[in-house]
Amino acid sequence: MIWRARQCALASFLLLAALLTPAVSGAREYLQLFVTEPYLELHTGPGRGYPVFHVVPRDGSVDVLFRRTDWFKVRTEHGVEGWVSQGDLQKTVLADGSAFHFDLGDRAGFTSHHFEMGIFAGAYGGASYVSAYGSVSFNSQLALEGAVGQFLGRYSNGVTGDIGLIHIILPEARWSPFLTIGLGEVHTEPKATLVQTSDRNEPTAYVGGGIRFYLTRRFFLRAEYKAHYIFTTRNQNEEADEWKAGFAFFF
Amino acid sequence: MESRIRVLLLTTALAVLAGLSGCASVRNWFHRSGSDTSASGDNPDQNAPPRVIEPEVARRTITVPRIHSSNLELGLSYGALSIEDFGTHPSYGVMAAYHVTEDFFFQGEVGRSKAGLTSFEVLSNINLLTESERRFTYYDLSLGYNFLPGEAFIGRNFAMTSAFYILGGIGGTDFAGDTKFTVNFGAGYRVVPVDWLAVHVQVQDHVFQSSILGATKLTNNLEALIGTTVFF
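Definitions and limits used
Residues numbered from 1 in each chain as written. Chains lettered and ligands numbered in written order. Predicted model: local features only at pLDDT ≥ 70, side-chain atom pairs only at ≥ 80, totals over all residues. Contact = placed C-beta atoms within 7 Å. Helix = DSSP H or I, 4+ residues; strand = E, 2+ residues; numbered from the N terminus. Nonpolar A, V, L, I, M, F, W, Y, C, P; charged D, E, K, R; others polar. Pairing = 2+ DSSP bridges. Axes fitted to C-alpha atoms, helices over the stretch in contact; angles between N-to-C directions.

## Here we look at the interface of chain B and chain A
Then step 1. Tallying the contact residues gives 31 residues for chain B and 40 residues for chain A.
Then step 2. Those elements giving two or more residues to the side of chain B that touches chain A turn out to be β2 (87-99), β3 (104-114), β4 (135-154), β5 (158-175) and β6 (178-194) of chain B.
Then step 3. The element best represented in the side of chain B that touches chain A is β5(B), accounting for five residues.
Then step 4. For the side of chain B that touches chain A, the per-class residue count stands at 17 nonpolar, 10 polar and four charged.

## Some points on the sheet that holds strand β14 (residues 238-250) of chain A
Residues and elements named next belong to chain A.
Then step 1. Sheet architecture is closed into a barrel: eight strands sit in the order β7-β8-β9-β10-β11-β12-β13-β14, paired in antiparallel fashion. Averaged over all neighbouring strand pairs, the angle between strand axes comes to 25 degrees, with direction disregarded.
Then step 2. Strand direction decides the pairing type here: strand β7 (residues 115-124) and strand β8 (residues 127-137), joined by 10 bridges, are antiparallel. Following the sheet pairing, E116 is matched in β8 by S135.

## Some thoughts on the sheet that holds β2(B)
Residue and element names in this part refer to chain B.
Then step 1. Strand order in the closed barrel formed by eight strands is β1-β2-β3-β4-β5-β6-β7-β8, and the pairing between neighbours is antiparallel. Ignoring which end each strand starts from, the neighbouring axes of this sheet average 25 degrees apart.
Then step 2. Judged from the 17 bridges that link them, β4 and β5 form a sheet pairing that is antiparallel. Within β5, the position partnered with F153 by the bridge is A159.

Below is the structure:
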């Protein structure tokens, strides 16, 4: 059985690799940029420590093959391939002489960006809590956010899923507070040895707030509190407090 | 006499020149001097505003090709997991990473292994766990740091970018009929032989509180794995 699963995994991996290879290395149209500085340095790898092995002189051009973090893989007119830093590529121009603009991972990006993702550790109703979230921004202040989490406690374990809106009060500030409101679902599995109840799914609603702190590049810290209201089929609804803090990034 | 003839000739020459429609500069002289109407009075469009020539060339919309971002890594891993008190057994899993900067990345892993028998079970011939409870499934979300980036060389002509990295994070482990909050930390070595492929060698410790054998204790479950991932 394990052997079969292993074979399936290997086959799917090979299929995935075969599907992805042409996407990465296939012929396609690349962005051409022209050097305006005295020269453009090409590094052997995508990092500040990798040595410069080639330079493209002024008025020479490069094709941008792809981007990895803040480094760009380029190919010169003579077919030499190397990595150019984001800072150096900013000084190049397009074919019509206009400046080359692209998404930088900086403080301005923290204020205004399209997507965010992050991971958190915290507590949910007194249990240990692991959580991850992703969000899509409509503008610098409003975003739609989805979060999933797992709480692992002494009396019960469970999974939570939330979707809601987040309003960032001061998007330009480094310490940037926010408010959030939304709906969700919680799946609870009481520990059978202690409490004789079955697993259950219940809808929830939450309201909360928190703070984001810009660290550096594309990173920020985020801490938040959510007050969950769990709508049960029993006589009384329940409440659960969620506290969490973690790392997040925007892109 | 001579000067009078010269004036007459010059006047005739200028009148002829003004009559030539192609000679704009000469026409302009008369325009300025106010005697233009008599020189070209036969042109009916004279008082109409100057005609603007509309270019009949459609403006091309230039689309700048998008730069493909290749920060996401997805792949499979295979290794050995030492479950505290339950022996070492093969493990396999799925790993995904997102590279945020050249230094930092987020990594998520899901893995599975199977626990063996404790020494107590071997000696007493009593099974503490059922077959399904012996399945050890974990997931973790970690933050990684490329600690020692560099290059690895095979022979004279082939260089691969590489990095030694450390990572730590949190997650959950489903084992012995319960899911436990798990802290994980480890280190690994990644080589990138071609831009779209990476090979990992990684050692990780999954730490969680367990009370399977009576007393509650922190268990260390070490895992060594080899992973192959594809960037896209």
